[in-house]
Amino acid sequence: MSTTVKLVSGDGFTFVIDKHVAEHSPTIKNMLDVSHGGAFTEALTNEIKFPEIKGKVLEKVCQYLHYKHRYAAEGSTDRVPDFNFDLELSLELLMAADYLDC
């Protein structure tokens, strides 16, 4: 069983991230779930294609998933730093976050 997953943007950029990190998105987690007979091909290949998401947006989504994984796992009472991104990506990030439920 693979411990990584490939996320592929609509413009062909590929991001390989840890499966536990990717599963901070409930949408991705459901796509990779093999407990229900692997209903999605993605569960068998560990590769998910997002034809509507550009590479620069998917890169920021991956960064956010790592950020979420890091700070959710720490359980620290310290102040969590802001997650910064370019305002020009706001609408596309909002749409991707809505789809990925993250």
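Once a new chain begins, its residue numbering starts again from 1 and follows that chain's sequence as written. In keeping with the predicted nature of the model, local features appear solely for residues at pLDDT of at least 70, side-chain atom pairs appear and are counted solely at 80 or more, and the whole-chain, interface and lining totals rest on all residues. The side-chain values count all of the structure's non-hydrogen atoms but skip hydrogen atoms and water molecules.

## Quick look at the overall build of the protein chain
Going by this rule: Helix numbers and strand numbers start at the N terminus; a helix is a DSSP run of H or I with at least 4 residues, a strand a run of E with at least 2. Residue burial is assigned from relative accessible area. The probe radius is 1.4 Å, only protein chains are included, and a residue is buried under 20% of its type maximum, exposed over 50%, and partly exposed in between. Contacts are residue-level and defined by heavy atoms, with any inter-residue pair within 4.5 Å sufficient. Note on areas: these come from Shrake-Rupley sampling with a 1.4 Å probe, and a residue is covered only by the protein chains present in the view.
Counting its regular elements, the protein chain contains 5 helices and 3 strands. The order of helices and strands in the protein chain, counted from the N terminus, is β-β-α-α-α-β-α-α. Classification of the 102 residues of the protein chain by burial places 32% in the buried group. Look at the contacts in the protein chain between residues 6 or more apart in sequence, and 60% of them connect residues 24 or more apart. Taken as a whole, the protein chain presents about 6,600 Å² of accessible surface, with 53% of it coming from carbon and sulfur.

## A look at unusual backbone geometry
One non-glycine residue, N46, lies in positive phi territory at about 55°. For D101, which is not glycine, the phi dihedral falls at a positive 55°. Structurally, D101 can be placed in the segment after α5 (90-100). A relative accessible area of 49% means that D101 is categorised as partly exposed.

## Concerning the sheet that holds strand β1 (residues 4-9)
Here is the rule: Think of it this way: DSSP has to see at least two bridges between two strands before they count as a pair. Axis lines are fitted to C-alpha atoms, over the contacting stretch for helices. Their N-to-C directions set the angle, which ranges from 0 to 180 degrees.
Spatial ordering of the open sheet is given by β2-β1-β3, a layout of 3 strands whose pairing is mixed. At either end of the open sheet lies a strand with only one pairing partner, and these are β2 (14-18) and β3 (47-50). With direction set aside, neighbouring strand axes in the sheet form an average angle of 25°. Pairing of β1 with β3 involves 4 bridges; the strand directions are parallel. What sits directly across from K6, in β3, is E47.

## Considering the pattern of salt bridges
So the rule is basically this: Here, a salt bridge means any Lys or Arg side-chain nitrogen found within 4 Å of an Asp or Glu carboxyl oxygen.
What the rule picks out here adds up to 2 salt bridges. K49 serves as the salt-bridge partner of E47, at 4.0 Å between the closest nitrogen and oxygen. Among the residues examined, E47 registers a relative accessible area of 26% and is labelled partly exposed. The partner of E92 in a salt bridge is K54, with the nearest N and O atoms 3.4 Å apart. Taken together, the positions of E92 in helix α5 and K54 in the loop between β3 and α4 (55-74) put the pair 38 residues apart, joining distant regions of the chain.

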